[in-house]
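Chains, contacts and geometry: an overview
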Amino acid sequence: MGLELETAQPESHGLSSGDVLRFLERIEELELQVNRLMLLQNGKVTARFNRQPYREEAPTLLFSLSKSFTSIAAGIARDEGYIRLTDPVVSYFPDKLAGDVPPYLSQMTIHHLLSMNTGHHDNIYGRVMESGPDWAQTFLSLAPEHPPGSHYVYNTHATYMVAAILERATGMGLVEYVKPRLFEPLGIGLVDWETCPM
């Protein structure tokens, strides 16, 4: 069951209902990919928009929002003493390293994962997904071409590695760890996202 939020008229918060309606109509006119929208003002819902077939009671695919939750989880784990942002990534995976560790890989920290500054030159998503079921091992086999912190590239598997580190550090899967610390207090019920096949 989700968190029940109080509602109010936009005017009670200094916003015209007509302006809100024109804004929502403009979203439709421009064919923007906004499927759901909720406007909160001072903790009260003053507008809602659901494009068909989306409904408030149905789950919505959010894709990379899991990156935000993973980052929040890393902050909580840091506050609880499970990790430090300066921890080397390889220190969590000695069992997944083969041979000598490339210098840039050994320099990579949790902070580099969170900021997507791992040093990889290109997005490694395809290579990780095509290389087999062990995403962590594949990530660690793809040596960065640049020093960590010097080159940004969008990197889904950097976020995955944060989740894998949290699992090793806390002994819990990411959703299990975050549920009582974030999802339940926020009234977030059903949570499901793509995980490593292993």
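Just above sits the structure.
One structure accompanies this document, and this report is about it.

With that settled, consider a nonpolar patch on the surface. There is a patch of nonpolar side chains on the surface, built from Leu5, Met38 and Leu40 and spanning about 250 Å² of accessible area. Along the chain, Leu40 falls in strand E1 (residues 36-41). Residue Leu40 is classed as partly exposed on the basis of its relative accessible area of 46%.

Looking at the secondary structure, you find Asp87 in the loop between helix H2 (65-79) and helix H3 (103-107). At 2.9 Å, the side chain of Asp87 forms a polar contact with the side chain of Arg84. There is a polar contact of 2.5 Å between the side chain of Asp87 and the side chain of Tyr92. Sequence-distant contacts of Asp87, defined by excluding residues within four places in its chain, comprise Tyr92, Met108, Thr109 and Ile110.

As a further point, take the pattern of salt bridges. Pairs can form between side chains of opposite charge once their charged atoms are near each other. Evaluation of the coordinates by the stated rule reveals nine salt bridges. Close ionic contact of Lys44 with Glu6 constitutes a salt bridge, the shortest N to O distance being 3.5 Å. You can see Lys44 sitting in strand E2 (residues 44-50) and its partner Glu6 sitting in the segment before helix H1 (17-29), a full 38 residues away along the chain. The class for Glu6 is exposed, based on a relative accessible area of 53%. Taking the shortest distance from any N to any O, the salt bridge between Arg22 and Asp19 comes out at 2.5 Å. Of this pair, Arg22 and Asp19 both sit in helix H1, separated by three residues, roughly a single helical turn.

Calculation rules
- Residues numbered from 1 in each chain as written.
- Predicted model: local features only at pLDDT ≥ 70, side-chain atom pairs only at ≥ 80, totals over all residues.
- Heavy atoms only, no water.
- Patch = residues over 30% accessible without salt bridge, like charges linked within 9 Å, V, L, I, M, F, W, Y side chains within 5 Å.
- Areas by Shrake-Rupley, 256 points an atom, 1.4 Å probe, with all protein chains shown as cover.
- Salt bridge = Lys/Arg side-chain N within 4 Å of Asp/Glu carboxyl O.
- Helix = DSSP H or I, 4+ residues; strand = E, 2+ residues; numbered from the N terminus.
- Buried < 20%, exposed > 50% of the residue type's maximum accessible area, 1.4 Å probe, protein only.
- Polar contact = N/O pair within 3.5 Å; in protein donor to acceptor, adjacent residues only side chain to side chain.
- Contact = heavy atoms within 4.5 Å.

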